[in-house]
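# Examining the three-dimensional arrangement
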Amino acid sequence: MPVHHDLPYRSLFAHPELVRELLTTLTPFTVFDDLALSAFEAVDPAYVSEGLAARQNDLVWRVRIGGQCLYVYILLEFQSGMDRWMALRMQNYVGLLCQNLVKRHALPPSLMLPPVLPLVFYNGVPRWNACVDLADLVDAPPELLPFQPSQRYVLIDRQRLDPVALEANASLLALLIRMELSSAPEVKDKVLPALLTWFKEAPQASLMRSVEVWLQALAARRGNPDSFSLDSGEEVGDMGRQFETWAEEFEDVGFQKGNAEGIAKGQVAALRGVLDKLLRKRFGDLPEPAAQRIATATQAQLEQWCERVLDAPGVDAVFGGDTAPGACG
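The rules we used
- Residues numbered from 1 in each chain as written.
- Predicted model: local features only at pLDDT ≥ 70, side-chain atom pairs only at ≥ 80, totals over all residues.
- Heavy atoms only, no water.
- Helix = DSSP H or I, 4+ residues; strand = E, 2+ residues; numbered from the N terminus.
- Buried < 20%, exposed > 50% of the residue type's maximum accessible area, 1.4 Å probe, protein only.
- Contact = heavy atoms within 4.5 Å.
- Phe/Tyr/Trp six-rings, centres within 6.5 Å; stacked < 30°, edge-to-face > 60°.
- Lys NZ or Arg CZ within 6 Å of the ring centre and 35° of its normal.
- Salt bridge = Lys/Arg side-chain N within 4 Å of Asp/Glu carboxyl O.
- Polar contact = N/O pair within 3.5 Å; in protein donor to acceptor, adjacent residues only side chain to side chain.
- pLDDT = per-residue confidence, 0-100.
- Axes fitted to C-alpha atoms, helices over the stretch in contact; angles between N-to-C directions.
- Parallel < 35°, antiparallel > 145°, perpendicular 65-115°, else oblique.
- Left-handed = near helix turned anticlockwise from the far one by under 90°.
- Nonpolar A, V, L, I, M, F, W, Y, C, P; charged D, E, K, R; others polar.

### Some words on the overall build of the chain
Scanning the chain for helices and strands turns up 12 helices and seven strands. Sorting the 329 residues of the chain into buried and exposed places 47% on the buried side. Residue pairs at least 24 apart in sequence account for 60% of intrachain contacts in the chain once pairs closer than 6 positions are excluded.

See the structure below:
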């Protein structure tokens, strides 16, 4: 289960608009330029190996390029921490994806495997120092090197993107990245107004909701989990005042305690605050049993409920089978 840093990103990149922006603005590949949103299709990221061990990476998208039914499978993996073995994980993901296509007879008439573009979107603070090629993790005599596995992935290190290029980029994705990386005054005076203008010019309710979830999680990590909305002028003013109070430097809730237990407690506390605010924003005051469930839930349960709240028709649907019948009224 991803930690609470990654869940809001998964919500964002569940939208083809942001996947297209990611590919066209943050990677060097031109093959994705000028593609319509209809060319992007989300794919179930769960695969089952021969041993029936379920594997799941964060997001998988299939992109149709041209009129020849050429598909490029894009694997998106969101990381907030370092992983020395990411190249090995990517090899497993790609292999399971291709194996799944073969089993389902989902290959083109040529019976050739589709190209796969593995992407790691890293939103941590320390510099990423893991190998981007699996071959660099293999220690073999020169004569055996040609027979060793090689799997590369594209690394997008959010913390080290060119700030000048980001500021010149008017895409929604660039604005959100600037929201994380900029100082509080810059966010309030420049980034937030540009973000509000973007949604006025391209109003999209579902995408706006995901961005609000992402902003809510960001506010919680910066120590101010109050709720706000992008579609209310009054609440937007409150949102601007919240940004004024944010610390200049990013620091996760709980990290100041300096130990794993403190970090874990901080993550759970932030998740509870985010979930409570999102539920109240969508459904109003919560029944007491629901509030009690949130107060005693594990991190895994809170993460699952945060995902469900995006599209759930009511409070009961958020908690699903994780709460006793009738517990949430």
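### Here's the deal with the packing of aromatic side chains
One pair of aromatic rings is described through two measures. These are the centre distance and the angle between the planes. Using the criterion set out here, one finds six aromatic pairs in the structure. In textbook terms, an aromatic cluster arises when at least three aromatic residues are bridged by ring pairs, as seen for Phe 13, Phe 78 and Phe 121. Above the face of the Trp 85 ring, Arg 84 is positioned so that its terminal group lies 4.8 Å from the ring centre.

### Examining the pattern of salt bridges
All chains considered together, the criterion is met by six salt bridges. When salt bridges that share partners are traced, they join Glu 77, Asp 83 and Arg 89 into one network.

### Quick word on the side chain of Ser 171
If you trace the backbone, Ser 171 turns up in the loop between helix H4 (163-168) and helix H5 (172-181). A polar side-chain atom of Ser 171 sits 3.2 Å from the main-chain amide nitrogen of Ala 174. Ser 171 has contacts with Glu 21 and Trp 198, leaving out every residue within four places of it along the chain.

### Things to note about the confidence of the model for the chain
Per-chain confidence: the chain averages 76 in pLDDT, with 75% of residues scoring 70 or above. A low-confidence stretch, residues 232-260 (pLDDT under 50), is modelled with 50 contacts involving residues beyond four sequence positions or located in other chains. Across residues 323-329, where pLDDT falls below 50, the model places 11 contacts with residues more than four positions away in sequence or in other chains.

### Overview of the packing of H5 against helix H6 (residues 184-201)
Two elements in contact, H5 and H6, have axes whose closest approach is 10 Å; the angle formed by their N-to-C orientations is 155°. Considered as vectors, H5 and H6 are oriented roughly antiparallel to each other. As H5 packs across H6, the resulting crossing turns out to be left-handed. Residues Leu 172, Leu 175, Leu 176, Arg 178 and Met 179 of H5 form the contact with H6, whose own contacting residues are Glu 186, Val 187, Lys 190, Val 191, Leu 192, Ala 194, Leu 195, Trp 198 and Phe 199. Of the residues belonging to the contact of H5 with H6, the class tally is 11 nonpolar, no polar and three charged.

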